[in-house]
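Okay, here's what each chain looks like letter by letter:
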Amino acid sequence: MIKTDILLKKLSKPFPKRYAKAHFDHVGLNTGHKPEQVQKIVLALDLDWQILEQIKKEMPDMIITHHPFIFGTRSKVLKYDESKRLLVEEIDRLDIPVYSYHTNFDTGKGGMNDALSKALGLVDIYTPAKDIMMRIGYLKEEMPIMDFAKFAKKQFRVDYSLLINEGSPTIKKVGIIGGGGSRSYKIAQEEGCDIFISGDAPHHVRREIVNAKYNYLDMPHEIEKIFMPTMKKILLDIDDSLDIVIIDHEKEPQVI
């Protein structure tokens with residue numbers, strides 16, 4: 001068991017709120033009241049209706065999600081999203097606080113993009129000045145682009161990816177932003193990366209990449225599930241007596 005203030009202070013060092021990328025990205029306390037002490041923590045990529053019964057069964061002292069439980073201004077979200085409002089009311093009745101570490105976790109040292117880079121086995125990893133969320137590193141061995149795409153899919157444990165194969169036929173230097181960072185491809189290209197990996201690329205961004213004659217690997221947003229084991233290790237490094245429960249309930253869409 002650990003005092004909540006101590007736990008949050010230690011988490012704020014690598015993942016400060018000032019790293020949040022937008023004003024509507026509500027990191028930190030999303031709902032509920034901060035308990036004096038914490039023993040049991042549930043980790044999830046998202047808090048939604050699918051895991052409510054499991055939350056009731058576990059009854060943790062705190063829930064930590066990657067994506068904000070309330071994404072945007074609370075009053076507007078609860079006014080226009082009836083399902084979210086009802087879920088917030090359920091969580092409030094359980095009196096369980098929900099904390100989120102989103103783009104501050106993506107950016108911070110040891111967070112999302114460091115974990116994804118490690119999963120690819122990249123070395124000499126650095127953060128470019130123009131995008132502090134991005135990580136750039138090198139494969140230990142150069143790979144043909146199709147082999148690399150299959151390797152990345154395997155390492156991130158997903159069933160599909162979308163490849164734009166318009167640049168170098170071989171891959172050595174890799175840029176990555178987990179989630180929806182496709183628009184940062186220009187920075188990766190400027191940095192000399194052979195390929196950039198991200199997700200949620202809209203059509204017009206994909207066309208830009210094609211016309212730039214560049215390589216891009218679009219990964220499902222669900223690769224961010226690496227948040228849970230990464231955050232679990234961080235929490236146990238802070239206090240190894242904590243009881244950490246991971247709820248991994250999200251799957252990428254079925255490929256037909």
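Before reading further, recall that the structure is shown in the block above.
Residues numbered from 1 in each chain as written. Predicted model: local features only at pLDDT ≥ 70, side-chain atom pairs only at ≥ 80, totals over all residues. Heavy atoms only, no water.

Caption draft 1: Representation of the environment of Arg-135. Residue placement: Arg-135 occurs in strand E8 (residues 135–144). A polar atom in the side chain of Arg-135 sits 3.2 Å from the side chain of Thr-127. A distance of 3.4 Å separates a polar side-chain atom of Arg-135 from the backbone oxygen of Met-133. (Helix = DSSP H or I, 4+ residues; strand = E, 2+ residues; numbered from the N terminus. Polar contact = N/O pair within 3.5 Å; in protein donor to acceptor, adjacent residues only side chain to side chain.)

Caption draft 2: Spatial organisation of the sheet that holds strand E2 (residues 28–31). Within the open sheet, the five strands sit side by side as E2-E6-E5-E4-E13. Their pairing is mixed. The outermost strands of the open sheet, each flanked by one partner alone, are E2 and strand E13 (243–247). The mean inter-strand angle of the sheet, taken between neighbouring strand axes irrespective of direction, is 30°. Both strand E4 (residues 40–44) and strand E5 (residues 62–65) contribute to a ladder of four bridges, which runs parallel. (Pairing = 2+ DSSP bridges. Axes fitted to C-alpha atoms, helices over the stretch in contact; angles between N-to-C directions.)

Caption draft 3: Local environment of the pairing of strand E12 (residues 215–218). Covered by surrounding structure in E12 are Asn-215 and Leu-217 together with Tyr-216 and Asp-218, the residues of both alternating faces. Here strand E9 (residues 162–165) runs beside E12; their pairing, made up of four bridges, is antiparallel. Note on E12: the bridge partner recorded for Leu-162 is Asp-218. Sheet analysis places strand E11 (residues 195–198) next to E12, joined by three bridges and oriented parallel. (Buried < 20%, exposed > 50% of the residue type's maximum accessible area, 1.4 Å probe, protein only.)

Caption draft 4: Looking closely at helix H6 (residues 112–119). Most of H6 is tucked away, with seven of its eight residues classed as buried. Where H6 is concerned, the buried positions are Met-112, Asn-113, Asp-114, Ala-115, Leu-116, Ser-117 and Ala-119. Looking at the packing, one finds that the buried side of H6 touches helix H5 (103–107), strand E7 (123–126), E8, helix H7 (145–155), strand E10 (170–176) and helix H10 (227–238). (Contact = heavy atoms within 4.5 Å.)

Caption draft 5: Local environment of the environment of Gly-108. Position of Gly-108 among the secondary structure elements: in the loop between H5 and H6. Residue Gly-108 is classed as buried on the basis of its relative accessible area of 0%. Sequence spacing of Gly-108 and Gly-199 is 91 residues, and the spatial spacing of their C-alpha atoms is 19 Å. The residues contacting Gly-108, other than those within four sequence positions of it, are Pro-14, Phe-15, Tyr-19, Asp-114 and Arg-135.

Caption draft 6: How the structure looks around the side chain of Asn-30. Here Asn-30 is to be found in strand E2. A distance of 3.1 Å separates a polar atom in the side chain of Asn-30 from the backbone oxygen of Gly-28. In contact with Asn-30, other than residues within four places in its own chain, are Pro-68, Phe-69, Ile-70, Arg-74, Val-98 and Ser-100.

Caption draft 7: Looking closely at the packing of helix H1 (residues 4–12) against H10. Remark: H1 packs on H10, axes separated minimally by 11 Å, with the N-to-C direction vectors making an angle of 125°. By the angle class used here, H1 and H10 are oblique. For the pair H1 and H10, the crossing hand works out as right-handed. Contact residues: Leu-7, Lys-10 and Leu-11 in H1; Met-231, Ile-234, Leu-235 and Ile-238 in H10. Classifying every residue of the contact of H1 with H10 gives six nonpolar, no polar and one charged. (Parallel < 35°, antiparallel > 145°, perpendicular 65-115°, else oblique. Left-handed = near helix turned anticlockwise from the far one by under 90°. Nonpolar A, V, L, I, M, F, W, Y, C, P; charged D, E, K, R; others polar.)

None of the figures reported here should be taken as evidence of function without further support.
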